[in-house]
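Coordinate analysis (summary)
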Amino acid sequence: MAEPVQILMIDDEEPFSFFVKLNLETDPRFKVTTALRGDDGLKLAKSIKPDLILLDIMMPGMFGTEVAEKLLEDPRTKDIPIIFLTAALKKDEADEMDGRIGRREFIAKPITKEELVIRIEATLELKK
Amino acid sequence: MEETVRILFVDDEPSVLNIMERLFLFEDYEILTATSGEEGLRKFEGSPTIHIVISDYRMPEMNGVEFLEEVYKKWPDTVRMIISGYADLDAVVQAINRGHIYKFISKPWNNTEMKVTIATALERYFLRKRNRELTESLLHKNEELRQFNERLEQLVTDRTTALMQTQEQLVQSEKLAAIGILAAGIAHEIKNPLAIITMGTEYMKSVVGDNAMLQEVADRLKQAALRADTIVKGLLSYSRQNPLSFKETDITTLIDETLTFTEHELQRKNIEVIRKYADSLPRVRVDANQIKQVFVNLLMNGIDAMPAGGSFTIRVECSENGAGKKVVQIVYADTGFGILAERIGKIFDPFFTTKDIGNTGLGLSVSKGIIDKHGGTINVESRIEEGTSFFIRLPVV
Ligand SMILES: Nc1ncnc2c1ncn2[C@@H]1O[C@H](COP(=O)(O)OP(=O)(O)OP(=O)(O)O)[C@@H](O)[C@H]1O
Ligand SMILES: [Mg+2]
């Protein structure tokens, strides 16, 4: 079996990240690292170079959208696909956020494990 | 006064009448005579206003009092006087007391006295007439005033109702705005814990293995979390003024889509769906998502109202609205338990619900808001134990 997919999850909701990690890692294809703050997440992104980043938008300190901008500025991280996660908006309002999150993948919380896996698979497929 | 004064003398003795005519020869009066009460009444009928009538008491057939009482009935304005000897005084006095006769002139009378009496009687006649005219105009004015008052009251009532309605709408929209602010504020706070619960229970499910009991527990926890999420979403969609995107649509397609969506639930609850779509229906311009939300709300309400099963008849037909404009009418008729008369006025109010937790009571108010935005109408009819029908009318393209 190939190396598991490295996923970096940046979300200030510690129990959420914890459960997402537990859930995803029941599948041997995934390996999840978590960060509770934007700046920590940025550092981790540079060091572990994940295959995918799950990024919360509303976080204290640095907003998810700012984290995304910083990731884009850095050549080491600019090609890592990002899926935004947020509790603040409904799915059908993702379009309104256009420009700020730059037409990128978007998931509204709460989400089921199944949906999450489907989205991750789809995103990584697209990247290949 | 310009008016010609008419005086009628009634006496069965023609000679007395002659005397009278001569007596007033040089006065400006028109003198009429009659030899009996009957003839006197005929004179009244055939002549313009008679101002004064003077009758003898003793006459064959109809006596003076009887005659004057007749006159009183038909021409109450005429001043009535009677000439009589003392022998008949009783009857005459009684008539005077009853108000049917103005004055009694005793026999034999003297000419000057007669003239003065007549002059006074005339004065009285015109005074009374004037008085009556004044009273009448006063009454008339009074009536006008009353009608005016009535109109004023109606106007005040109308305005008050209108004011109350706007006020109600204002309160309603303020309520909505408040909900909006609240919903947006708490959505994030609620959705995060819900996301945690969902993910946590899913992990539980994946590790409890064959333990059916724990699987069930996890399932139920997850469903509860998703239900709570639906409520938050409902609140959000309720408050957000999302711009609508109208597209020309065949309404029955949307109905069918929502039925597919609820099919499972309908079957499980033993509810038969009967579709009665008219042929070649005109198209409507709607925001498909929003209209579907309305249909789902109506389906859900119907399902809730038929716990022991029943049938849902969905009719779509071409119709006209009150203003004679073409509309597509969609009817959702269930055979559920119906709505109590005292509740029916409230079902479109936000937060009005008769259901337990998990229902926000927003379904119908959201639906009404959506239909309003489409320029349509939504109405309800219900009979206890028989069922409820919702009527939606949407303008045709
Ligand atoms: N088809 C129906 N038959 C009987 N009662 C109904 C029907 N539709 C609505 N009602 C009554 O109107 C109330 C308000 O309906 P509405 O859809 O606004 O809220 P709800 O169904 O209680 O809650 P929600 O829609 O948020 O789940 C209901 O609680 C119910 O009492
Ligand atoms: Mg409802």
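See the structure above.
Residues numbered from 1 in each chain as written. Chains lettered and ligands numbered in written order. Predicted model: local features only at pLDDT ≥ 70, side-chain atom pairs only at ≥ 80, totals over all residues. Heavy atoms only, no water.

**A closer look at the interface of chain A and chain B**
Taken residue by residue, the interface counts 21 residues in chain A and 20 residues in chain B. Of the roughly 1900 Å² buried at the junction of chain A and chain B (both faces included), carbon and sulfur atoms supply 67%. Our enumeration of links across chain A and chain B arrives at zero salt bridges. The interface formed by chain A and chain B contains five residue pairs in polar contact (both at pLDDT 80 or more). Among the elements of the structure, helix H1 (14-25) and helix H4 (113-127) of chain A are those that each provide at least two residues to the side of chain A that touches chain B. The element that contributes the greatest number of residues to the side of chain A that touches chain B is H1 of chain A, accounting for six residues. Tallied by class, residues from the side of chain A that touches chain B come to eleven nonpolar, three polar and seven charged. (Contact = heavy atoms within 4.5 Å. Buried area = accessible area lost by both parts, 1.4 Å probe. Salt bridge = Lys/Arg side-chain N within 4 Å of Asp/Glu carboxyl O. Polar contact = N/O pair within 3.5 Å; in protein donor to acceptor, adjacent residues only side chain to side chain. Helix = DSSP H or I, 4+ residues; strand = E, 2+ residues; numbered from the N terminus. Nonpolar A, V, L, I, M, F, W, Y, C, P; charged D, E, K, R; others polar.)

**Considerations on the site of ligand 1**
Residues and elements named next belong to chain B. Residues in contact with ligand 1 amount to 19 residues; listed here are only the nearest, Thr-353, Thr-354, Lys-355, Asn-359 and Thr-360. For ligand 1, an oxygen atom lies 2.8 Å from a polar atom in the side chain of Asn-301. Leu-364 places a main-chain nitrogen or oxygen 2.8 Å from an oxygen atom of ligand 1. Contact with the protein chains hides 91% of the accessible area of ligand 1, taken as 590 Å² for the molecule alone. Within the residue set of the shell around ligand 1, elements represented by two or more residues are helix H8 (288-305), helix H10 (363-373) and strand E12 (387-395). (Near = heavy atom within 4 Å. Areas by Shrake-Rupley, 256 points an atom, 1.4 Å probe, with all protein chains shown as cover.)

**Some points on the sheet that holds strand E1 (residues 5-10) of chain B**
Residues and elements named next belong to chain B. With parallel pairing, the five strands of this open sheet are ordered in space as E2-E1-E3-E4-E5. Two strands bound the open sheet, and with one partner strand each, they are strand E2 (29-34) and strand E5 (103-106). In this sheet, neighbouring strand axes are inclined to one another by 20° on average, regardless of whether the strands run parallel or antiparallel. Across four bridges, E1 lies against strand E3 (residues 52-56) in parallel orientation. Residue pairing for E3: Leu-8 is matched across the bridge by Val-53. With respect to the sheet, helix H1 (residues 14-23) is in contact with E1, E2 and strand E4 (79-84), its orientation differing from that of E2 by roughly 180°. (Pairing = 2+ DSSP bridges. Axes fitted to C-alpha atoms, helices over the stretch in contact; angles between N-to-C directions.)

**Let's talk about the packing of aromatic side chains**
Residue and element names in this part refer to chain B. Applying the stated criterion across every chain, the model contains eight aromatic pairs over all chains. Ring geometry for Phe-24 versus Tyr-29: centroids 5.9 Å apart, planes at 50°, classification tilted. Phe-24 sits in the buried class, given a relative accessible area of 1%. On the numbers, 6.4 Å between centres and 85° between planes, the contact of Phe-348 with Phe-390 is edge-to-face. (Phe/Tyr/Trp six-rings, centres within 6.5 Å; stacked < 30°, edge-to-face > 60°. Buried < 20%, exposed > 50% of the residue type's maximum accessible area, 1.4 Å probe, protein only.)

**Structural notes on H8 of chain B**
Given a rise of 1.5 Å per residue, 18 residues ought to cover 26 Å, and the 26 Å separating the end C-alpha atoms of H8 of chain B matches this to within 8%. Every buried residue of H8 of chain B is listed here: Gln-290, Ile-291, Val-294, Phe-295, Val-296, Asn-297, Leu-298, Leu-299, Gly-302, Ile-303 and Ala-305 of chain B. (Expected span 1.5 Å × (residues − 1).)

**Looking at the sheet that holds strand E9 (residues 310-320) of chain B**
All names here are of chain B. Judged by pairing direction, the sheet is mixed, and its five strands sit side by side in the order E7-E9-E10-E12-E11 without closing on themselves. Where the open sheet ends on each side, the last strands, each with one partner, are strand E7 (271-277) and strand E11 (377-383). Strand-to-strand, the axes of this sheet are offset by a mean angle of 15°, without reference to chain direction. Contacting E7, E9, strand E10 (326-334) and E12, helix H7 (residues 251-268) crosses the sheet at an angle of about 170° to E7. Across the sheet, H8 is in contact with E7, E9, E10 and E12; its angle to E10 comes to roughly 25°.

**Things to note about the pattern of salt bridges**
Enumeration over the complete set of coordinates arrives at 32 salt bridges over all chains. The residue Glu-133 of chain B makes a salt bridge to Arg-130 of chain B at a minimum N-O spacing of 3.6 Å. With Glu-133 of chain B and Arg-130 of chain B both in helix H5 (residues 111-208) and three residues apart, the pair spans about one turn of that helix. Notably, a salt bridge pairs Glu-257 of chain B with Lys-292 of chain B, separated by 2.6 Å at the nearest N-O pair. Note that Glu-257 of chain B is positioned in helix H7 and Lys-292 of chain B in helix H8, a separation of 35 residues in sequence. Within this structure, Asp-11, Asp-56 and Lys-109 of chain A form a network of salt bridges that share partners.

Taken by themselves, the reported measurements are silent on function.
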